[in-house]
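Below, each chain spelled out in residue letters.
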Amino acid sequence: MCTLDPLIDGAGWLIYCRTARRIVLKGSMTERTSKAGSYRGELLGLLAIHLWVAAIEDLYKLEEGPRGLIACDNLGALNKAQLRRKKIKAGAKHSDILRVLRRLHNRYRGRRRKLFEYKHVYGHQDQQRLWSHLTLLEKLNCKCDSLAKAAVSRALREGIPVTNARQLLPSESVAVFYNKGKLSSECGDDIRYQVGRVEARQFYDTQLGWSGAAFDQVDWEARDHALKGKPDMFKTWLAKQTSTFCATGLNMARWFDSDVSECPNCGAPDERASHLLHCPDPGRFRLFRDRLQELGEWLRKPHTDPILADILEQYIFHRGEKTLTSLCRGRREFLKFAHAQDFIGWDHFLEGKIALELTPLLRDHLLCSPTVLTVSDWKKTFISHLLQLTHGQWIYRNITKHHQRYGQLKNIERRGLLREIDQLMQTPPDEVPEDSKFLLEIDFQQLAEGRTEGQGYWIAAMRAAITAQRRANGRWRH
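Residues numbered from 1 in each chain as written. Predicted model: local features only at pLDDT ≥ 70, side-chain atom pairs only at ≥ 80, totals over all residues. Heavy atoms only, no water.

Engineer: Account for the overall build of the protein chain, naming residues and giving values.
Structural biologist: Scanning the protein chain for helices and strands turns up 19 helices and 6 strands. Along the longest, intermediate and shortest principal axes, the C-alpha atoms of the protein chain span 120 × 60 × 50 Å. Taking all 478 residues of the protein chain together, 42% fall into the buried category. Restricting to contacts in the protein chain with at least 6 residues of sequence separation, those with at least 24 account for 64%. (Helix = DSSP H or I, 4+ residues; strand = E, 2+ residues; numbered from the N terminus. Buried < 20%, exposed > 50% of the residue type's maximum accessible area, 1.4 Å probe, protein only. Contact = heavy atoms within 4.5 Å.)

Here it is as structure tokens:
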């Protein structure tokens, strides 16, 4: 299980003797890995049982003992544990455990019958029925769950020793380690993440002026986790916004030699990426407040410390005018996180860059709160809310600028058309052919209030009529 910490999973197992009718052996273990999960914890428990049986056979030189029963409440892990494979695929998840299980199964290949019978048992039955109504397997499974939870809680209190960070599994001959731990499945995602982190650190240092200390304060893994599953175009927008290469008024004016560089909402000159979250336009602020209210409703649920929820909501509301440290009001337990987040900055906070110091605060509260939400899931949802708030400002701004009828660009085009209409409507009738004089007889008030497409058609028709008349006059004089 790993519901208490996204990087720690735990396993509990026991061996029950049906003859003596008692538990003869029990144990538990924890592991810190980026691939932690309930499924991996169940696989570790199944591996532990197989290893114990193999050790007992080697110790007492047993060749053909009685058939045992292995029960587990995870059907997927149970099926994987009993398969006898010739080869483990390179991209298989938790391939380190599966390889050890394959090696153990090869010990029994020459035997006439299987050593174990595998059976699935439904989990957490003690939450649905009285203990006296449970079967023996269901009771034993509940005890295994308790062992796993106790092991994870102990690891959270005491920590996992550094010496165990690069520890091989029993009967595991080869493993590959990197700074996040052991590669236990397909390594492409992890390698791409590490290479991307190095390149991002260099970019933030040379292009954005970040210090290495500020970069290391950010929980990049949580941000990467939150962005998984998001559309590619959303990630592209976020990369442009973060790198200040988004299509702001100033950038568009520089790239396309345009005279329009102001904010389409408040009219501030030379619109930059940093203006996105600070625009004083009333409509933009109402949208900001509505999105913040949605985030506040989520924060006020039991999975968040109410004081921390209030501090975060106030920090976002003040739009960088107040530091997080000043809002903590002397609460010492939040000061370390507040200092780190202020070092990163408010604008970057709204782009999903939360401080690493937030993690222990969340873990301490979630350990005592009546919720199944993990620290990883909390940070993923919180960062998604922050990104939606920021992206909402960008969408509002773009609709204001590019709306086909009322957008800023359309208004600029309309003003240009009206100026030209005003000039062309002063054209003398003798400069227009007889069959085109109706163009000067239309309702100009209706034309000015009409759609830009109709205005463009009228201007094009007038230009063509004036050109035709000039050519006709030229041929007549000749």
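Engineer: So what's going on with the packing of aromatic side chains? Which residues, and what values?
Structural biologist: A complete count under the given rule lists 13 aromatic pairs for this structure. A connected cluster of aromatic rings, assembled from ring pairs, spans Phe203, Tyr204, Trp210, Phe215 and Trp220. Against the face of Phe288 rests Arg319, its NZ or CZ located 5.0 Å from the ring centre. (Phe/Tyr/Trp six-rings, centres within 6.5 Å; stacked < 30°, edge-to-face > 60°. Lys NZ or Arg CZ within 6 Å of the ring centre and 35° of its normal.)

Engineer: I'd like a rundown of empty space enclosed by the protein, residues and numbers included.
Structural biologist: Rolled over the atoms, a probe with the dimensions of a water molecule shows which regions are left empty. Under the counting rule described, the total for this entry stands at 3 cavities of 30 Å³ or more. Taken as a whole, the largest cavity spans an internal volume of roughly 70 Å³. Lining the largest cavity we find Gln82, Arg84, His105, Tyr108, Lys114, Leu115, Phe116 and Tyr118. For the lining of the largest cavity, the residue count by class is 4 nonpolar, 2 polar and 2 charged. Counted as a void, the second largest cavity has a volume near 40 Å³. Listed by contribution, the elements that provide at least two residues to the lining of the second largest cavity are helix H10 (282–299) and helix H16 (375–402). Looking at the lining of the second largest cavity residue by residue, the classes come out as 2 nonpolar, 2 polar and 2 charged. (1 Å grid on protein atoms, 1.4 Å probe; cavity = no way out; pocket = protein on both sides within 12 Å on 5 of 7 lines; lining within 4 Å. Points joined across faces, edges and corners; volume = space filled by probe spheres on them. Nonpolar A, V, L, I, M, F, W, Y, C, P; charged D, E, K, R; others polar.)

Engineer: Describe helix H15 (residues 358–366), with residues and values.
Structural biologist: All of the buried residues along H15 are Leu358, Thr359, Leu361, Leu362 and Leu366. Mapping the buried residues of H15 onto a view down its axis gives an arc of 165 degrees, with all of them on the same face. At its buried positions, H15 is contacted by helix H11 (306–317), helix H13 (332–344) and H16. (Arc of directions from axis to C-beta.)

Engineer: Can you explain the nonpolar core? Please cite residues and give values.
Structural biologist: Membership of the largest hydrophobic core comes to 53 residues, with the highest contact counts inside it found for Ile316, Phe349 and Phe382. With 8 residues, H16 is the largest single contributor of residues to this core. Those residues in contact with Phe382, other than ones at most four positions away along the chain, are Leu295, Trp298, Leu299, Leu312, Phe349 and Ile354. Residues Ile49, Val53, Cys72 and Tyr108 belong to the second largest nonpolar core, which totals 28 residues. (Core = buried A, V, L, I, M, F, W, Y, C linked by side-chain atoms within 4.5 Å.)

Engineer: Report on the packing of helix H8 (residues 232–243) against H16, specifying residues and quantitative values.
Structural biologist: Two quantities define a packed helix pair, namely the angle between the axes and the distance from one axis to the other. Look at H8 against H16: their axes get within 12 Å of each other, and the N-to-C directions meet at 80 degrees. If you check the angle between H8 and H16, you find them roughly perpendicular. Taken together, the residues of H16 that come into contact with H8 (itself represented by Phe234, Trp237 and Leu238) are Leu387, Thr390, His391 and Trp394. (Axes fitted to C-alpha atoms, helices over the stretch in contact; angles between N-to-C directions. Parallel < 35°, antiparallel > 145°, perpendicular 65-115°, else oblique.)

Engineer: Quick rundown of the pairing of strand E2 (residues 22–32)? Include the residues and the values.
Structural biologist: Bridge analysis of strand E1 (residues 8–17) against E2 gives 10 bridges, and the strand direction is antiparallel. Along E2, the bridge assignment pairs Ile15 with Leu25. The hairpin formed by E1 and E2 contains 4 residues between the paired strands, and Arg21 there has a positive phi angle of roughly 60 degrees. (Pairing = 2+ DSSP bridges.)

Engineer: Got a sec to walk through unusual backbone geometry? Specific residues and values, please.
Structural biologist: Residue Arg21 is not a glycine yet carries a positive backbone phi of 60 degrees. Tracing the backbone through its elements, the reader meets Arg21 in the loop between E1 and E2. Although it is not a glycine, Thr244 adopts a positive phi angle of roughly 65 degrees. Within the secondary structure, Thr244 is located in the loop between H8 and helix H9 (249–256). What makes Thr244 partly exposed here is its relative accessible area of 41%.

Engineer: Requested: an account of the environment of Gly12, with residues and values cited.
Structural biologist: Position of Gly12 relative to the elements: it lies in strand E1. A relative accessible area of 17% places Gly12 in the buried class. Expressed as a C-alpha distance, the spacing of Gly12 and Ala148, which sit 136 residues apart in the sequence, is 4.5 Å. For Gly12, the contacting residues outside a window of four places in its chain are Gly27, Ser28, Cys144, Leu147 and Ala148.

Engineer: Please set out the environment of Asp422 residue by residue, giving values where relevant.
Structural biologist: Among the secondary structure elements, Asp422 is positioned in helix H17 (residues 408–424). Residue classification places Asp422 among the partly exposed residues on the basis of a relative accessible area of 43%. In this structure, the C-alpha to C-alpha distance between Asp422 and Leu440, residues 18 residues apart in sequence, is 12 Å.

Geometric values such as these leave the question of function open.
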